[in-house]
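Chain residues, written in single-letter form:
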Amino acid sequence: MTSKTPSQLDESICRVTDAMIACEVLASRDYQVSMPSTNSVALEWLGEQRGDSDATATLLSQTPRLVIAESQTAGRGRRGRAWQAQGDGLAFSLVLADCHPLLSIAVGVAVAEAIEHVAGPVRCGLKWPNDVAMGGTKVAGTLIERIDLPSAADGYPQPMSVIGIGLNVGSSPRLDGAQATSVCEASGKWVTRTEVLEELLPAVMRNAVMCESDPGELLQSFRERCVLTGEVIGCTIDGHIVQGRCEGIDDRGELQVWTEAGMRVCRSGEVSRVRIS
């Protein structure tokens, strides 16, 4: 499959997202042919409201907000890595009120569930903290960023989350030299990015609510797909590089690692498999 250089907005994406706004799944949308980074554009939009509690109330009325681009020229992954968005892929950010500690788990599960629904029968794997894989190869990545706004009501800051998702649908660009795949390549089925987006946006918002209402189901869904469980991994804990056997995630969504010193918990950062010679 070949990628295209977009020159105009996709009418099917306009139609689907217009319908979501009409039925109040979304409150607002910013859809452009090209953006440097959808997360950066979303954060800039939020930052404009940072000094005014009245503006916060107005902003909340415009969320959930979708920020989406046909072409993302300077997309950001974790730790400043680039994300190359193909013309037949998805690059978007979703702005939601609140930022639950389990949101990263919830979003990963939502991406996996959406892919499995539109391209089934397939099974996605989840690599903590933010990668989605098909057939052992990365198909999507997420980047969640938080910004606190002045409260519109009770005097406490209003946390906002910007959920960035990059997903290879038709073909698979290379990401910093790493191997990648796409939904179509891995499933052998022709799936459109509009189909994926139509399934994915409600899934993300539904799972975000479940962080509070049913965290156990989210955690179980992630555990069933966790590709690191049982593997020997390397990660950084308290500033030190640690190796051990991954025991999956705990109830806070943090990675448990069994080491020579006992059980340790990895709360953030990069995780890699360790080859045993």
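Description of the structure in this document. (Residues numbered from 1 in each chain as written. Predicted model: local features only at pLDDT ≥ 70, side-chain atom pairs only at ≥ 80, totals over all residues. Heavy atoms only, no water.)

The next thing to look at is the overall build of the protein. Scanning the protein from terminus to terminus reveals 7 helices and 14 strands. Put simply, the protein has 277 residues, and 51% of those count as buried. Nonlocal contacts in the protein, meaning residues at least 24 apart in sequence, comprise 69% of its contacts between residues at least 6 apart. Accessible surface, the protein: about 13,000 Å² in total, of which carbon and sulfur atoms supply 47%. (Helix = DSSP H or I, 4+ residues; strand = E, 2+ residues; numbered from the N terminus. Buried < 20%, exposed > 50% of the residue type's maximum accessible area, 1.4 Å probe, protein only. Contact = heavy atoms within 4.5 Å. Areas by Shrake-Rupley, 256 points an atom, 1.4 Å probe, with all protein chains shown as cover.)

To continue, consider the sheet that holds strand S2 (residues 65-72). The sheet built from 7 strands is open, its strands ordered S1-S2-S5-S9-S8-S7-S6 with mixed pairing. Of all strands in the sheet, those bounded by a partner on one side alone are strand S1 (28-35) and strand S6 (124-127). Adjacent strand axes in the sheet meet at a mean angle of 20°, parallel and antiparallel pairs treated alike. Pairing of S1 with S2 involves 7 bridges; the strand directions are parallel. By the bridge assignment, Ser 28 is partnered in S2 with Arg 65. (Pairing = 2+ DSSP bridges. Axes fitted to C-alpha atoms, helices over the stretch in contact; angles between N-to-C directions.)

This paragraph deals with the side chain of Thr 137. As for its placement among the helices and strands, Thr 137 is situated in strand S8 (residues 137-149). Here Thr 137 falls in the buried class, since its relative accessible area comes to 13%.

Below, the discussion takes up the packing of helix H1 (residues 11-22) against helix H6 (residues 193-213). At a minimum axis distance of 9 Å, the contact between H1 and H6 shows a crossing angle of 20°. Classed by the angle they form, the pair H1 and H6 counts as roughly parallel. Like other packed secondary-structure pairs, H1 and H6 cross with a definite hand, here right-handed. Note on element contacts: H6 touches H1 through Arg 193, Thr 194, Leu 197, Glu 198, Leu 201 and Pro 202, opposite Ser 12, Ile 13, Val 16, Thr 17 and Met 20. (Parallel < 35°, antiparallel > 145°, perpendicular 65-115°, else oblique. Left-handed = near helix turned anticlockwise from the far one by under 90°.)

Reading across from one edge, S13-S12-S11-S10-S14 is the order of the 5 strands in this open sheet, with antiparallel pairing throughout. Looking at which strands have only one partner, the edges of the open sheet turn out to be strand S13 (262-266) and strand S14 (271-273). The average angle at which neighbouring strand axes cross in this sheet is 45°, direction not considered. Two strands pair when backbone bridges link them, and strand S11 (residues 240-249) and strand S12 (residues 255-259) are joined in this way by 3 bridges, in the antiparallel orientation. Looking across to S12, one finds that Arg 245 is bridged to Trp 258.

Let us look at the packing of aromatic side chains. The tally for this structure, following the rule as stated, stands at 0 aromatic pairs. Its guanidinium or amino end placed over the ring of Trp 45, Arg 65 lies 4.3 Å from that ring's centre, counting from NZ or CZ. (Phe/Tyr/Trp six-rings, centres within 6.5 Å; stacked < 30°, edge-to-face > 60°. Lys NZ or Arg CZ within 6 Å of the ring centre and 35° of its normal.)

Another aspect to go through is the packing of H6 against helix H7 (residues 215-225). At a minimum axis separation of 6 Å, H6 and H7 run at an interaxial angle of 115°. Contacts between H6 and H7 involve Asn 207, Met 210, Cys 211, Glu 212 and Ser 213 from the first element and Pro 215, Glu 217 and Leu 218 from the second. Classifying every residue of the contact of H6 with H7 gives 4 nonpolar, 2 polar and 2 charged. (Nonpolar A, V, L, I, M, F, W, Y, C, P; charged D, E, K, R; others polar.)

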